[in-house]
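# Analysis of the macromolecular model
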Amino acid sequence: MIVHPAKLIRGRLTMPGDKSISHRAAMIAAMATGVTRVTNYSTSADCATTLSCLEQLGVHIERRPGEVTIRGVSTDGFRQTKEPIDCGNSGTTMRLLAGILASQPFKSTLTGDASLRSRPMARIIEPLRMMGASISSSDGRAPLVIEGQRPLKAIKHELTVASAQVKSGILLAGLSAAGQTHVIESQVTRDHTERMLDWFGVPLAVRDGEGLRAITVDGPARFAARDFSIPGDISSAAYFIAAAALLPGSSLEIANLGLNPTRALFLEEMRSLGFELELADVREECNEPTGRVVIHGHGGCRRSLGESQESLADTTPVTLELVRISTAIHGARIPQLIDELPLLAVVGSQIEGGIEIREAAELRAKESDRIANTVENLRAMGAEVEEFKDGLRVAGPAQLRGATIDPRGDHRIAMAFSVAGLIARGETEIKDAECVAVSFPEFFELLESVVER
Ligand code: S3P
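Residues numbered from 1 in each chain as written. Predicted model: local features only at pLDDT ≥ 70, side-chain atom pairs only at ≥ 80, totals over all residues. Heavy atoms only, no water.

## Considering unusual backbone geometry
Convention followed: By the criteria applied, helices consist of DSSP H or I runs no shorter than four residues and strands consist of E runs no shorter than two, each listed in order from the N terminus.
Look at the link from Ala 142 to Pro 143: it is a cis peptide, with omega at 5°. Omega for the bond connecting Gly 219 with Pro 220 falls within 30 degrees of zero, at -5°, which places this linkage in the cis form. Of note, Pro 220 is situated in the loop between β14 (212-219) and β15 (228-229). A positive phi is found at Asp 139, a non-glycine position, where the angle reads about 55°. Structurally, Asp 139 is set in the loop between β8 (134-138) and β9 (141-147). Of note, the phi angle at Glu 359 is positive, near 55°, even though the residue is not glycine. Note that Glu 359 resides in the loop between β20 (355-357) and α13 (370-380).

## Describing the sheet that holds strand β19 (residues 327-329)
Quick note on the threshold: Strand pairing is assigned whenever DSSP identifies at least 2 bridges connecting the two strands. To obtain each axis, a line is fitted to C-alpha atoms, and for helices this fit is confined to the stretch in contact; angles are then taken between N-to-C directions over 0 to 180 degrees. Pairs of residues are marked as contacts when any of their non-hydrogen atoms sit within 4.5 Å.
Taken in spatial order, the 4 strands of this open sheet run β19-β20-β22-β21, and their pairing is mixed. Sheet topology places β19 and β21 (385-388) at the edges, where each strand pairs with a single neighbour. Taking the axes of each pair of neighbouring strands and ignoring which way they run, one obtains an average angle of 15° across the sheet. Relative to strand β22 (residues 391-394), β20 runs antiparallel, the two sharing 3 bridges. Paired with Ile 355 across the two strands is Val 394, which belongs to β22. Its contacts with the sheet place helix α12 (residues 341-348) against β19, β20 and β22, and it is angled at close to 155° to β20.

## Re the pattern of salt bridges
How we decide: For this analysis, a salt bridge means a side-chain nitrogen from Lys or Arg found within 4 Å of a carboxyl oxygen belonging to Asp or Glu. Only protein chains enter the accessibility calculation, which uses a 1.4 Å probe. A residue is then buried if its area is under 20% of the maximum for its type, exposed if over 50%, and partly exposed in between.
All told, the structure shown has 35 salt bridges when counted by the stated rule. The partner of Asp 18 in a salt bridge is Arg 263, with the nearest N and O atoms 3.0 Å apart. In this pair, Asp 18 is assigned in the loop between β2 (8-14) and α1 (19-31) and Arg 263 in the loop between β16 (251-258) and α9 (265-272), connecting sequence segments 245 residues apart. Across the pair, exposure class does not vary: Asp 18 and Arg 263 are buried alike. The residue Glu 269 makes a salt bridge to Arg 333 at a minimum N-O spacing of 3.0 Å. In this pair, Glu 269 sits in helix α9 while Arg 333 sits in helix α11 (residues 333-337), placing the two residues 64 residues apart along the sequence. Overall, the relative accessible area of 0% leaves Glu 269 in the buried class. Among the ionic contacts, a cluster of salt bridges with common partners joins Arg 119, Arg 190, Asp 339, Glu 367, Arg 370 and Asp 410.

## Some thoughts on α12
The buried fraction of α12 amounts to 8 of the 8 residues, a majority that puts the element mostly inside the structure. Among the residues of α12, Leu 341, Pro 342, Leu 343, Leu 344, Ala 345, Val 346, Val 347 and Gly 348 are the ones counted as buried.

## Points about the environment of Arg 226
Selection rule: Here a polar contact is recorded for every N or O atom pair within 3.5 Å, except that within protein the pair must consist of a potential hydrogen donor and a potential acceptor, and residues adjacent in sequence are included only if both atoms are side-chain atoms.
Mapping Arg 226 onto the fold places it in the loop between β14 and β15. Residues Arg 226 and Leu 341, spaced 115 residues apart in sequence, show a C-alpha to C-alpha distance of 34 Å. Setting aside chain neighbours within four positions, we find Arg 226 in contact with Thr 36, Trp 199 and Phe 200. Among the polar contacts made by the side chain of Arg 226, one reaches the main-chain carbonyl oxygen of Trp 199 at a distance of 2.8 Å.

## As for the packing of aromatic side chains
The following threshold applies: Side-chain rings of Phe, Tyr and Trp (the six-membered ring for Trp) are treated as a pair once their centres are within 6.5 Å; stacked means planes under 30 degrees apart, edge-to-face means over 60, and tilted covers the remaining angles. Note on criteria: charge over ring means Lys NZ or Arg CZ within 6 Å of the ring centre, with the direction from the centre no more than 35 degrees off the ring normal.
All chains considered together, the criterion is met by 7 aromatic pairs. Ring centres of Trp 199 and Phe 228 lie 6.2 Å apart, and the angle between their planes is 90°; this geometry places the pair in the edge-to-face category. Residue Trp 199 is located in helix α7 (residues 192-199), and its partner Phe 228 is located in strand β15; the two are separated by 29 residues in the primary sequence. Following the ring pairs from residue to residue traces out a cluster consisting of Tyr 239, Phe 240, Phe 440, Phe 443 and Phe 444. Taking the ring centre of Trp 199 as reference, the NZ or CZ of Arg 226 above it sits at 3.5 Å. The aromatic ring of Phe 388 is capped on one face by Arg 358, whose charged end is 3.7 Å from the ring centroid.

## Considerations on the state of the cysteines
Quick note on the threshold: Throughout, a disulfide means two cysteine sulfur atoms within 2.5 Å of one another.
Here the structure, examined in full by the defined rule, presents 0 disulfides. The thiol of Cys 53 is unpaired, and the distance to the nearest cysteine sulfur, on Cys 87, comes to 4.4 Å. Cys 47 supplies the cysteine sulfur nearest to Cys 286, a cysteine that is in no disulfide, at a spacing of 16 Å.

## Observations concerning empty space enclosed by the protein
Convention followed: Only protein atoms enter the 1 Å grid used here. Points where a 1.4 Å probe fits but cannot escape make up a cavity, open sets with protein on both sides within 12 Å along at least five of seven lines make up a pocket, and a residue lines them when an atom lies within 4 Å of a point. Grid points are joined across faces, edges and corners, and a volume is the space filled by probe spheres set on the points. Gly is put with the polar residues, along with every residue not named as nonpolar or charged; the nonpolar set is Ala, Val, Leu, Ile, Met, Phe, Trp, Tyr, Cys and Pro, and the charged set is Asp, Glu, Lys and Arg.
Considering all chains together, one arrives at 2 cavities of 30 Å³ or more under this definition. One number sums up the size of the second largest cavity: a volume of about 40 Å³. Forming the walls of the second largest cavity are Asp 18, Ile 21, His 192, Gly 232, Ile 234, Gly 258, Leu 259, Asn 260, Arg 263 and Glu 288. Taken together, the residues of the lining of the second largest cavity break down into 3 nonpolar, 4 polar and 3 charged.

Put into structure tokens, the structure is as follows:
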């Protein structure tokens, strides 16, 4: 795909259904009794993978444009598969399905593509083993061979990695455990599973205290089907929001967008960088906050030198030193921005002082090593970047120049650097651009529909 520089972005869009919520809707509906109608199901390849994995396990699914119906088999009605279950590129499919299969009284094998087979699975294997499932893997990587146990043992597990996938896998297993399963997180991660279980009427408690959050489910649980409507994907919208924010004169509205606070930190981050964003019509639909976002572009950052996030006192005199202080993103903000960090690095290259991202080593365990991949491609476009074990620092503002981008099969890198291509001088070639279909098959078409040159 060749991306040409753009003058501005103008238009109104809606995003396809949220990928994280769609995976959960399909799996939780499959564990319910009765038929659930899911509207605005994600168009991503990853969510199609989840549907075919569930079909392989004996769940009847009908697909219509914009709608999927799922005939639940309850928590114990899944059928053994003849072949290994192929989770493709999708970590969410593998880690959540592992939680469901941990209680099925048969042996299953979960596998995936080369990227997924290289990703860490010990984080989900260990708690599921503690619950009584027998799981073998090749050194903590897929293929995973799972022999379920019913009922599972209820456990209290403190997450060792801030991961919503692991939390969700354990909670889904907890639905087939005898007693209360507690998952404790020290950094809040996306809470779609908790909200959706509550929507389906599963008793669930969430308690905050002493810097920790504990989520408790009671098993064994039986629950009935309930229709669900999926909001637009905020992680997909982020590319459009960034592009509009960075191109002066742009004006973009995105309606029906998921605004769950554990996912929407990107909007706050953009605001604190000085970009203009408005929210309107915010309401809850199916337990998920949803609304409309309006963005007006003004190019680089409006933030004045004294306003860095590095807690500078108002009275601090503006000196050349301050110019070099970058906006820092780290700590508890990281899990809530995890999928937007490569894009924020691109945005960082356009703001006064640049951006520093730290305590984000998890990025190396995504569909690609997203730290190395972002650093390499930003450098290819002429940005000055420093790489750390746990993050990166990019200097800004920089005039990016068109380059050949190799996203290494990673959809989020391909999209982040397409945005970079819009603000660069010259043409940018995105190799292997089809990989965007993993989360957002319509990406380039929608982008073309709102770009003015
Ligand atoms: C997801 C959680 C995140 C995120 C991924 C989707 C989810 O992964 O990066 O794209 O749907 O739960 P981790 O939970 O491993 O951080």
